[in-house]
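Fold and geometry: a report
Listed below, chain by chain, are the residues.
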Amino acid sequence: MAIGFACLVIGDINTSLSHCRLKNAGQNNLRKIAFANLSALEAMVDYNIKQGISLFRISSDIIPFASHPEMEFDWQHEFGQLFDRIGRKIKSAGLRVSMHPGQYTVLNSPRPGIAEKAAADLQYHAAFLDSLSAGRESKIILHIGGVYDDKNKAAASFIENFNRLPLPIQSRLVIENDDKNYSAEDVLEISQVTGIPMVFDNLHHLLNPSRNNLSQFEWIELCSATWKAADGKPKIHYSQAKDGGSRGAHSNTINAREFVEFYNGLPDKTIDIMLEVKDKNLSAIKCMNAVNPGLPVGQLEEEWARYKYLVLSRSASIHNEISDMLKNKPIIDTAAFYEMIDRAGEPTEDHDAQVYAAQKVWGYLKGSCSESKKKRFHKLLKQYSEGTIRIHTMKKHLFKCAAEQNNQYIVKSYYFYF
DNA sequence: TGACGTCAAGATCCG
DNA sequence: CGGATCTTGACGTCA
């Protein structure tokens, strides 16, 4: 079993992606951005390897406007060496990578040109994975598309256009149920006609259920059966709905208790689970740890070091509870640890806790800070106490001080990212 | 015609 | 001018 996350890493340096507007999409700018993004991808791959994460979705935006007419240079060839190096790292670590074109890649559209653009986009995704020498188990996950007042006809168009794709692209594709048009039942039917493996998405299923009354776990078994040996381990998408969010919006973080309950219900624990969640790698590590009761205490202490000041800024009492838990027990209940972390993440505005945490972080930094930085800290603290600035501004200043001093313990803290 | 999702880039505002 | 904050972009479908 592998648990993974999508597209970007929170809290590690040199991993952020660059973008550009169509009006700035000259060849030199595209080159520059593609190179920067491939370098960021390498940093993300390094991060995954270091953290023992073995499932990762690569962002479609690494090569900007890759399947747009604006793109004229041969990025596969120009960055061949970089692709080789990243690909070798991925392979030797046993990292399974995938890609997932967005909701705007619609292979079954009847409108002129849209399906052709979708095919070109799939060609790009396949070329990207080919450039990494990724095996056939590295998949491209695609939704079926629109309905156009006639679902059967629209599904037939999908199948027709799929069959027209070059075989190497066909063999990379996986289809997924969506939150309003194609339910798990609809997609499974297309999977059975075409032989395309299917990813089951639990939240989409909740929002767009199938007519029969199978449980989500029964659906997972049915979908897993669509994967052949060459396709690699069956995979699902797992997410939780955002509280008070719009329909289908993903939660900020995965609730550990809810995930563990889901995991315990899984009939086959060897499948791969791709998390779709705002806090990305944080939730991936959380879920991996939460279902691993034999986790060495040292690894949980590393997690605590990263969460500590974030928790402290929300609630002093939860901070103390977790602190005591790690101090006194030889064996830690990892799920309980993350339940407490989740409890600290629930939205509250504890002004005093924010001030206290900022002062604690400052305690690590003040010794090696310039006078002007010290002055600014105290000014910001006063302003925050008076309610004239947001805590975000203070965190930005503290991060700058920590980065300047290269204080890795503080720089790596999740405190700065929320 | 706007919502949907996404997150930097770009624009504008503030001190 | 630097930094904070608001708006735009790029895509296709559906209401």
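If you're wondering where the values come from, they're calculated on a predicted model, not measured in any experiment. (Residues numbered from 1 in each chain as written. Chains lettered and ligands numbered in written order. Predicted model: local features only at pLDDT ≥ 70, side-chain atom pairs only at ≥ 80, totals over all residues. Heavy atoms only, no water.)

The next subject is a positive patch on the surface. Side chains of Arg-376, Lys-379, Lys-396 and Lys-400 sit close together on the surface and give a patch of like positive charge. Looking at the positive patch, the elements that each hand over two or more residues are helix H16 (371-386) and helix H17 (391-404). Residue placement: Lys-396 occurs in helix H17. By relative accessible area, which is 58% here, Lys-396 ends up exposed. (Patch = residues over 30% accessible without salt bridge, like charges linked within 9 Å, V, L, I, M, F, W, Y side chains within 5 Å. Areas by Shrake-Rupley, 256 points an atom, 1.4 Å probe, with all protein chains shown as cover. Salt bridge = Lys/Arg side-chain N within 4 Å of Asp/Glu carboxyl O. Lys, Arg positive; Asp, Glu negative; His and termini not counted. Charge placed at Lys NZ, Arg CZ, Asp CG, Glu CD. Helix = DSSP H or I, 4+ residues; strand = E, 2+ residues; numbered from the N terminus. Buried < 20%, exposed > 50% of the residue type's maximum accessible area, 1.4 Å probe, protein only.)

Each assigned domain of chain A is listed with its residue range as follows: domain 1 (3-290) and domain 2 (295-418). Tallying the contact residues gives 17 residues for domain 1 and 15 residues for domain 2. Summed over both partners, the interface of domain 1 with domain 2 buries about 1300 Å², with 57% contributed by carbon and sulfur atoms. Looking only at domain 1, the three residues that lose the most surface to domain 2 are Leu-282, Lys-286 and Asn-289, adding up to 40% of its buried area. (Domains from an automatic or database assignment. Contact = heavy atoms within 4.5 Å. Buried area = accessible area lost by both parts, 1.4 Å probe.)

DNA strand C sits among 19 residues. The nearest are Arg-21, Leu-22, Tyr-104, Val-147 and Tyr-148. Taken together, the sugar and phosphate atoms account for 71% of what DNA strand C places within 4 Å of the protein. One of the side-chain N or O atoms of Tyr-104 is found 3.4 Å from a base nitrogen in DNA strand C. Within the side chain of Lys-396, an N or O atom sits 3.2 Å from a phosphate oxygen of DNA strand C. For the surface near DNA strand C, the elements supplying multiple residues, two or more each, are helix H4 (114-131) and H17. (Near = heavy atom within 4 Å. Polar contact = N/O pair within 3.5 Å; in protein donor to acceptor, adjacent residues only side chain to side chain.)

When two helices pack together, their arrangement is captured by the angle between the axes and the distance separating the axes. The N-to-C vectors of helix H10 (residues 256-265) and helix H14 (residues 334-345) enclose an angle of 140 degrees; their axes lie 8 Å apart at closest approach. As the angle between them shows, H10 and H14 are arranged oblique. Touching Ala-256, Arg-257 and Val-260 of H10 are Ala-335, Tyr-338, Glu-339 and Asp-342, all from H14. (Axes fitted to C-alpha atoms, helices over the stretch in contact; angles between N-to-C directions. Parallel < 35°, antiparallel > 145°, perpendicular 65-115°, else oblique.)

Inspection of the region around DNA strand B gives Leu-8, Leu-17, Ser-18, His-19, Arg-21, Asn-24, Gln-103, Tyr-104, Ser-246, Arg-247, His-250 and Lys-278 as its neighbouring residues. Looking at DNA strand B alone, sugar and phosphate atoms form 57% of those within 4 Å of the protein. Contact between DNA strand B and Asn-24: a phosphate oxygen at 2.4 Å from a side-chain N or O atom of the residue. One nitrogen or oxygen atom from the side chain of Tyr-104 is found 3.1 Å from a base nitrogen belonging to DNA strand B. Class assignment for the residues of the surface near DNA strand B results in three nonpolar, six polar and three charged. (Nonpolar A, V, L, I, M, F, W, Y, C, P; charged D, E, K, R; others polar.)

So, about the environment of Gly-80. Within the element layout of this structure, Gly-80 appears in helix H3 (residues 80-93). Between the alpha carbons of Gly-80 and Lys-228 there is a distance of 30 Å; along the sequence they are 148 residues apart.

Moving on, we get to the packing of aromatic side chains. As enumerated under the stated definition, the model contains 22 aromatic pairs in all. Taken together, a centroid distance of 6.3 Å and an interplanar angle of 35 degrees make the contact between Trp-75 and Phe-128 tilted. One end of the pair, Trp-75, is in helix H2 (residues 75-78); the other, Phe-128, is in helix H4, and 53 residues separate them in sequence. Residues Trp-75 and Phe-128 agree in their burial class; the two are buried. An aromatic cluster is built from Phe-217, Tyr-238, Phe-259, Phe-262 and Tyr-263, whose rings are joined through pairwise contacts. When the ring centre of Tyr-263 is taken as reference, the NZ or CZ atom of Lys-269 above it lies at 5.4 Å. (Phe/Tyr/Trp six-rings, centres within 6.5 Å; stacked < 30°, edge-to-face > 60°. Lys NZ or Arg CZ within 6 Å of the ring centre and 35° of its normal.)

This part is about the side chain of Ser-413. Position of Ser-413 among the secondary structure elements: in the segment after helix H18 (408-411). Classification of Ser-413 by relative accessible area gives buried; the value is 1%.

This brings us to the pattern of salt bridges. A complete count under the given rule lists 21 salt bridges for this structure. In this structure, Arg-306 and Glu-303 form a salt bridge, with 3.0 Å as the shortest nitrogen-oxygen distance. With Arg-306 and Glu-303 both in helix H12 (residues 297-312), this residue pair falls three residues apart, about one helical turn. The residues Arg-306 and Glu-303 share a single accessibility class, namely buried. A single network of salt bridges, built from pairs that share partners, joins Glu-42, Asp-46, Arg-85 and Lys-89.

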